[in-house]
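Below are the chains, spelled out letter by letter.
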Amino acid sequence: MIRFILVQNRQGKTRLEKWYSTYPEQERQKLKAEVHRTVASRDQKSQSNFVEFHNHRVVYRRYAGLFFCFCIDTNDNELAMLEAIHLFVEVLDAYHGNVCELDLVFNFYWVYAVLDEMFLAGEIQETSRGVILSRMDQLGSLD
């Protein structure tokens, strides 16, 4: 199960957060800072994209200046989550060309809609890029 999803820039500013487990606000702030410190300090070339974190595991991937981080249970498949991160970025790229930090800031409602199409209650709901994009087109036509 996914515990939380964070998208942070290199300076540690959180641009997107989705929590599937309940944490008090103080603990959320602490977790965001710890995840950023842990992920940003790792060497991209010689270390894997999986980090043991408290009693869970953080799976992350860096695209340009953004870190996409998923905190998952230790018994979940890390490679499946890494693929889910890549799918999420591919869907964002399909709409924004080459997605950047400003796209997340100014279109946050759309980014959360994509997350809701892909994940339900901390589990992967949809893995087909075409299905996700067609559902997003349907949502766009309702406006």
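An unreviewed UniProt entry lists the protein under the name AP-2 complex subunit sigma, from Coemansia nantahalensis.

Chemist: Help me out: how do you make sense of the packing of aromatic side chains in this one?
Modeler: Each aromatic ring pair is specified by the distance between its two centres and by the angle formed by the two planes. Under the definition given, this model contains eight aromatic pairs. Between the aromatic rings of Phe 68 and Phe 88, the centroid separation amounts to 6.0 Å while the plane-to-plane angle is 75 degrees, which identifies the pairing as edge-to-face. Within this pair, whereas Phe 68 is found in strand β5 (residues 66-73), its partner Phe 88 is found in helix α2 (residues 78-96), the two being separated by 20 residues in sequence. The class of Phe 68 is buried, set by a relative accessible area of 1%. Its relative accessible area of 0% is what places Phe 88 among the buried residues. Each member of the aromatic cluster is reached from another via a ring pair, and the members are Phe 4, Trp 19 and Tyr 23.

Chemist: What am I meant to see in the pattern of salt bridges here?
Modeler: Charged atoms that come close allow side chains of opposite charge to pair. Applying the stated criterion across every chain, the model contains eight salt bridges. Note that Glu 101 and Arg 15 form a salt bridge whose closest N and O atoms lie 2.6 Å from each other. Here the residue Glu 101 occupies a position in helix α3 (residues 101-106), and Arg 15 occupies one in strand β2 (residues 14-19), the gap between them amounting to 86 residues. Two residues, Glu 126 and Arg 135, come together in a salt bridge whose shortest N-O distance is 3.7 Å. Residue class for Arg 135 comes out partly exposed when judged on its relative accessible area of 28%.

Chemist: I would appreciate a short explanation of the pairing of strand β3 (residues 50-53) in the present structure.
Modeler: Remark: a regular strand shows side chains that alternate across the two faces of the sheet. Here β3 shows a buried face lined by Val 51 and Phe 53 and an unburied face lined by Phe 50 and Glu 52. Alignment of β3 against strand β4 (residues 56-63), held across four bridges, turns out to be antiparallel. Bridge pairing links Val 51 to Val 58 in β4.

Chemist: Explain the sheet that holds β5 to me, please; I cannot follow it from the model alone.
Modeler: To summarise the sheet geometry, strands pair through backbone hydrogen bonds and adopt either a parallel or an antiparallel arrangement. What the five strands build is an open sheet, ordered β2-β1-β5-β4-β3; its pairing is antiparallel. If you trace the sheet from one side to the other, it starts and ends with β2 and β3, each paired once. Pairwise comparison of adjacent strand axes, ignoring direction, gives a mean angle of 20 degrees for this sheet. Relative to β5, β4 runs antiparallel, the two being bridged by eight bridges. Looking across to β5, one finds that Tyr 60 is bridged to Cys 69. Here helix α1 (residues 25-40) sits on the sheet in contact with β1 (2-9), β2, β3, β4 and β5, set at roughly 65 degrees to β1. Docked against the sheet, helix α4 (residues 108-118) engages β1 and β2, running at close to 35 degrees with respect to β2.

Reading guide: rules and limits
Residues numbered from 1 in each chain as written. Predicted model: local features only at pLDDT ≥ 70, side-chain atom pairs only at ≥ 80, totals over all residues. Heavy atoms only, no water. Phe/Tyr/Trp six-rings, centres within 6.5 Å; stacked < 30°, edge-to-face > 60°. Helix = DSSP H or I, 4+ residues; strand = E, 2+ residues; numbered from the N terminus. Buried < 20%, exposed > 50% of the residue type's maximum accessible area, 1.4 Å probe, protein only. Salt bridge = Lys/Arg side-chain N within 4 Å of Asp/Glu carboxyl O. Pairing = 2+ DSSP bridges. Axes fitted to C-alpha atoms, helices over the stretch in contact; angles between N-to-C directions. Contact = heavy atoms within 4.5 Å.

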